[in-house]
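One letter stands for each residue in the lines below.
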Amino acid sequence: MTVSFKGWKERVATFEAASDLEAGSVVKVSGNGQVSACSAGDKFAGVVLSCRGGFAAVQLEGYAEISYSGTAPAVGYQLLCADGSGGVKTATIGQSEQAFSKGREHLVAAVDTTAQTAGIIL
């Protein structure tokens, strides 16, 4: 038996897209009703489900499978931020930095190290 969290409490909103965005990439709110691609280290608002005609459907809640870079995140609550390539990475915090400035805590429910994806609850 395989466990699936897909479809759980999904919430999607349509935003104006600052530029063409790829499905599966994380985005940030960049203006009034507008989203754009994240830079490395940004907190992300959601995941693009589709983008066309200058608009993007962005998943803001629920379970999403997102690519990650760097060290695989551990399951459980993890501090994550954008990796600058459309995916996420585990946020690292220096001694003088505060946790809230470097990412948001998300529940990592599954990690696939072969596909380099993490299933997270947004």
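Above this text sits the structure in question.
Residues numbered from 1 in each chain as written. Predicted model: local features only at pLDDT ≥ 70, side-chain atom pairs only at ≥ 80, totals over all residues. Heavy atoms only, no water.

### With respect to the nonpolar core
Generally speaking, soluble globular proteins have nonpolar side chains that are buried together. Ranked by internal contacts, the top residues of the largest apolar core, which has 14 residues, are Val26, Phe44, Val47, Ile66, Val88, Ile120 and Leu122. Going through the elements one at a time, strand S6 (63-67), strand S7 (76-82) and strand S10 (117-121) are the ones with two or more residues in this core. Dropping the residues within four chain positions of it, Ile66 is found in contact with Gly24, Val26, Val47, Gly87, Val88, Gln116, Thr117, Ala118 and Ile120. Residues Phe15, Ala17, Leu21 and Val58 belong to the second largest nonpolar core, which totals eight residues. (Core = buried A, V, L, I, M, F, W, Y, C linked by side-chain atoms within 4.5 Å. Buried < 20%, exposed > 50% of the residue type's maximum accessible area, 1.4 Å probe, protein only. Helix = DSSP H or I, 4+ residues; strand = E, 2+ residues; numbered from the N terminus. Contact = heavy atoms within 4.5 Å.)

### Some remarks on the sheet that holds strand S8 (residues 88-90)
The five strands are arranged S6-S10-S9-S7-S8 in an open sheet whose pairing can be described as antiparallel. The sheet terminates laterally at S6 and S8, the two strands that pair on one side only. Taking each pair of neighbouring strands and ignoring which way they run, the sheet shows an average axis angle of 50°. Both S7 and S8 contribute to a ladder of three bridges, which runs antiparallel. Bridging from a neighbouring strand, Leu80 pairs with Thr90 of S8. (Pairing = 2+ DSSP bridges. Axes fitted to C-alpha atoms, helices over the stretch in contact; angles between N-to-C directions.)

### Looking at the pattern of salt bridges
Inspection of the entire model under this criterion finds two salt bridges. In this structure, Glu61 and Lys9 form a salt bridge, with 3.7 Å as the shortest nitrogen-oxygen distance. Of the two residues, Glu61 sits in strand S5 (residues 55-61) while Lys9 sits in the segment before strand S1 (11-17), which places them 52 residues apart along the sequence. By relative accessible area, Glu61 is classed as partly exposed at 28%. On the basis of relative accessible area, Lys9 is assigned to the partly exposed category, the value being 45%. Among the ionic pairs, Asp42 bridges to Lys28, the shortest N-O distance being 2.9 Å. Of the two residues, Asp42 sits in the loop between strand S3 (34-37) and strand S4 (46-52) while Lys28 sits in strand S2 (residues 26-31), which places them 14 residues apart along the sequence. (Salt bridge = Lys/Arg side-chain N within 4 Å of Asp/Glu carboxyl O.)

### Some words on the sheet that holds S4
On the basis of which strands lie adjacent, the closed barrel formed by five strands has the order S1-S3-S2-S4-S5 and mixed pairing. Each strand of the sheet is rotated relative to its neighbour by a mean of 55°, with strand direction disregarded. Summarising the sheet, S4 and S5 pair through five bridges and their orientation is antiparallel. Along S5, the bridge assignment pairs Ser50 with Ala57.

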